[in-house]
Amino acid sequence: MKFEELPTPCYVIDEALLERNLQILNGVMQRTGCKIVLAQKAFSMSYYYPLIGEYLSGTTASGLFEARLGYEEMGKENHVFAPAYREDEIDEIISICDHIIFNSFSQLEKFKHKALQAGKKVGLRINPQCSTQVGHEIYDPCTPGSRFGALADDFRPELLEGVTGLHFHTLCQQNSDDLDTTLRAVEEKFAQWLPQMEWINFGGGHHITREDYDIPLLESCIKRMQENYGLKVYLEPGEAVALNAGYFVASVLDTHQNGMEIAILDTSATCHMPDVLEMPYRPPLFGSGEAGEKPFTYRLAGQTCLTGDVIGDYSFDEPLKCGDRLVFGDMAIYTMVKTTTFNGMPLPAIAVKEKNGDCKVVREFGYENFKTRLA
Ligand SMILES: *Cc1c(COP(=O)(O)O)cnc(C)c1O
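Residues numbered from 1 in each chain as written. Predicted model: local features only at pLDDT ≥ 70, side-chain atom pairs only at ≥ 80, totals over all residues. Heavy atoms only, no water.

Where an unreviewed UniProt entry is consulted, the protein chain appears under the name Carboxynorspermidine decarboxylase, with the organism given as Alkalihalobacterium chitinilyticum. The Cofactor (unreviewed entry) field of the UniProt record for the protein chain holds the comment "pyridoxal 5'-phosphate". (UniProt positions renumbered as here; feature names shortened; annotations may be inferred.)

S.K.: I'm lost on the overall build of the protein chain in this one. Help?
M.R.: Check the secondary structure of the protein chain and you find 11 helices and 17 strands. The C-alpha radius of gyration computed for the protein chain amounts to 22 Å, which stays within 12% of the reference 21 Å derived for 375 residues, consistent with globular compactness. In terms of overall dimensions, the protein chain has C-alpha extents of about 65 × 45 × 45 Å along its principal axes. In the protein chain, buried positions account for 55% of the 375 residues. Across the protein chain, every contact between residues at least 6 apart in sequence was considered, and the portion connecting residues at least 24 apart equals 67%. Of the roughly 16,500 Å² of accessible surface on the protein chain, a fraction of 50% belongs to carbon and sulfur atoms. (Helix = DSSP H or I, 4+ residues; strand = E, 2+ residues; numbered from the N terminus. Rg over C-alpha atoms; globule rule 2.2 N^0.38 Å. Buried < 20%, exposed > 50% of the residue type's maximum accessible area, 1.4 Å probe, protein only. Contact = heavy atoms within 4.5 Å. Areas by Shrake-Rupley, 256 points an atom, 1.4 Å probe, with all protein chains shown as cover.)

S.K.: Looking at this structure, how should I read the pairing of strand S10 (residues 246-257)?
M.R.: In the case of a regular strand, side chains alternate between the two sheet surfaces. Relative to S10, strand S1 (residues 10-14) runs antiparallel, the two being bridged by 4 bridges. Pairing of Ile13 across the sheet is with Gly246, part of S10. Bridge count for S10 against strand S15 (residues 325-328) is 4 bridges, and the pairing is antiparallel. When the sheet's bridge partners are listed, Ser251 is paired in S15 with Arg325. Pairing of S10 with strand S11 (residues 261-265) involves 5 bridges; the strand directions are antiparallel. Each bridged residue has a counterpart across the sheet, and for Thr255 the counterpart in S11 is Ala263. A loop of 3 residues connects S10 with S11, the two strands running antiparallel in sequence, and Gly259 in this loop sits at a positive phi of about 75°. (Pairing = 2+ DSSP bridges.)

S.K.: Explain the pattern of salt bridges here, please?
M.R.: Pairing between side chains becomes possible if they bear opposite charge and their charged atoms approach one another. In this structure the tally under the stated criterion is 23 salt bridges. When the shortest N-O distance is used, the salt bridge between Arg31 and Glu219 registers 2.8 Å. Taken together, the residues Arg31 in helix H1 (residues 15-32) and Glu219 in helix H7 (residues 215-229) connect sequence positions 188 residues apart. A salt bridge links Glu187 to Arg224; the nearest nitrogen and oxygen atoms lie 2.9 Å apart. Taken together, the residues span a long stretch of sequence, with Glu187 in helix H6 (residues 176-190) and Arg224 in helix H7 at a distance of 37 residues. For the pair shown, Glu187 and Arg224 are each scored as buried. Members of the salt-bridge network, linked through shared partners, are Asp180, Arg184, Glu187 and Arg224. (Salt bridge = Lys/Arg side-chain N within 4 Å of Asp/Glu carboxyl O.)

S.K.: Explanation requested: the site of the ligand in the structure shown.
M.R.: The ligand sits among 13 residues. The nearest are Lys41, Gly205, Glu236, Gly238 and Tyr334. Contact distances for the ligand include 2.7 Å between an oxygen atom and a side-chain N or O atom of Lys41. At a separation of 2.8 Å, an oxygen atom of the ligand approaches a polar backbone atom of Gly205. Protein coverage of the free-state accessible area of the ligand, which is 380 Å², stands at 87%. (Near = heavy atom within 4 Å. Polar contact = N/O pair within 3.5 Å; in protein donor to acceptor, adjacent residues only side chain to side chain.)

S.K.: Looking at this model, I keep getting lost on the UniProt feature "domain: Orn/DAP/Arg decarboxylase 2 C-terminal" (unreviewed entry) in the protein chain. Mind explaining?
M.R.: Within this numbering scheme, the UniProt entry marks residues 10-331 as carrying the feature "domain: Orn/DAP/Arg decarboxylase 2 C-terminal" (unreviewed entry). Helix makes up 31% of residues 10-331 and strand 24%, with an end-to-end C-alpha separation of 10 Å.

S.K.: Is there a simple way to explain the domain arrangement of the protein chain in this structure?
M.R.: Taken as a whole, the protein chain is organised into domain 1 (3-11 + 246-331 + 339-371) and domain 2 (33-242). Contacts between domain 1 and domain 2 engage 10 residues on the former and 7 residues on the latter. Taking both partners together, domain 1 and domain 2 bury about 580 Å²; carbon and sulfur atoms supply 58% of that area. Contact with domain 2 buries area across many residues of domain 1, yet Met279, Val352 and Val362 alone supply 64% of it, more than any other trio. Across the contact surface, domain 1 and domain 2 share 0 salt bridges. Run the count over domain 1 and domain 2 and you get 1 residue pair in polar contact (both at pLDDT 80 or more). Listed by contribution, the elements that provide at least two residues to the side of domain 1 that touches domain 2 are helix H10 (275-278), strand S16 (349-353) and strand S17 (359-363). Element by element, the count of residues in the side of domain 1 that touches domain 2 is highest for S16, at 4 residues. Partitioned by chemical class, the residues of the side of domain 1 that touches domain 2 number 5 nonpolar, no polar and 5 charged. (Domains from an automatic or database assignment. Buried area = accessible area lost by both parts, 1.4 Å probe. Nonpolar A, V, L, I, M, F, W, Y, C, P; charged D, E, K, R; others polar.)

Rendered as C-alpha cells:
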C-alpha cells in the first residue's frame, strides 16, 4: 500500500534509512575491529532483527525478556546488564546470554560462579564518576547517588577472578568528544585493572549516525583502548541504530478554540510518544513551522483526559481540517517500546516502508491488547 493509505495512528519504519544507519555502524566495526550490538531497549522491533543482524554483532538486553528476544529473533552475540538480577531468572539469563554484566561486587559475589561455570563471559559495570551531561540528571548514570556501576574506591580485587571485562555507560545522545573525556576518566580511575581485562564495553548513548557526529574521534578512542591495553572493544548503541529512521502518522479528529486554535489528533503524547513529555522534546513534523512562523498555528493535542497531553504548537500553510494526516519524524527509537494504553487508547499500528517505497502494516492492535495487560 501507499504511505498515504496507512491506517492511523501508525509507526512507520523506513527500511532504507534504517539500513543507512546500519551501514555507518558497520563501517566503524570494519575499520576498527570493534563489535557493535543493538541495545534493544531503544528499538525492539524484531521484524528487523534479521536485517540488523546482517550488519551488527548482536544484541544487548536490560533483563530476561529483552535477552530472550535477542536470542530468539537475532541469535547472535547476546549481552545483558541489569542493576540487579533476580534469583528466579538468573539461570535462564545465563543460558541464553554470552556476556553477563554485573552492576556491583555483591552481585558478582552472588552470581559470578554460575555464569563462569556455564562458560559465559563475566563483566563488571564501573562508574567513572565523570558527568558529561549538564542539567540532564535523570539520564546521567554518573550523577551523585546514581545506582549504576562500581566506584573505583569500592573495588574488591579478591572478587575480580574470572571477570574478563569492564563496562561503562554514561552517555546519552552525545558526541565522541564526551566519550573521549569519559575514557580518560576511566583510564585514570581504573588504570590498575585494565591490563588484566580482555574487553571493555563503552555502553550506549553514542549518537554515531547523527550528521555532526565525529566518527574519526570515536575510532581513535577505540584504537587507543585496543593498542594500549590489548582490549576488545564493544559498543552498544540503541538510538543510533534507528535514529531518524521512523515516522509516526496521525490524523486530525477535530479542531477547537480556546484563545488559540487546537487540533485534536487520533493519538496521544502520553500514550504514543511519551518521550515528548518525559525527555521532553519537540518532535519534527513534516510541512510545519514553529508557532507563528506560518499563517495558521495550532496546538496539537491528544485524545486522553490529561490536560498536558499536548505534542506542541506548530504552524501550517493551510488551516487544519478533520481527516488531515500529520507525519512526525524521528519516531522509531524510544517510542514503540514505551507505549501505554492509558485511557484505553488503542496502540498504534506498526508498518514498514520498504526500499521501493511500498508500505506494509506488520502489526495491528485491538481491544484484547488493552484488556489482557490488566486483570
Ligand atoms: C540505554 C542503554 C544503552 C543504549 O543507550 P542509547 O542512548 O539508546 O544509545 C546501552 N547500554 C546500557 C547499559 C543502557 O542502559
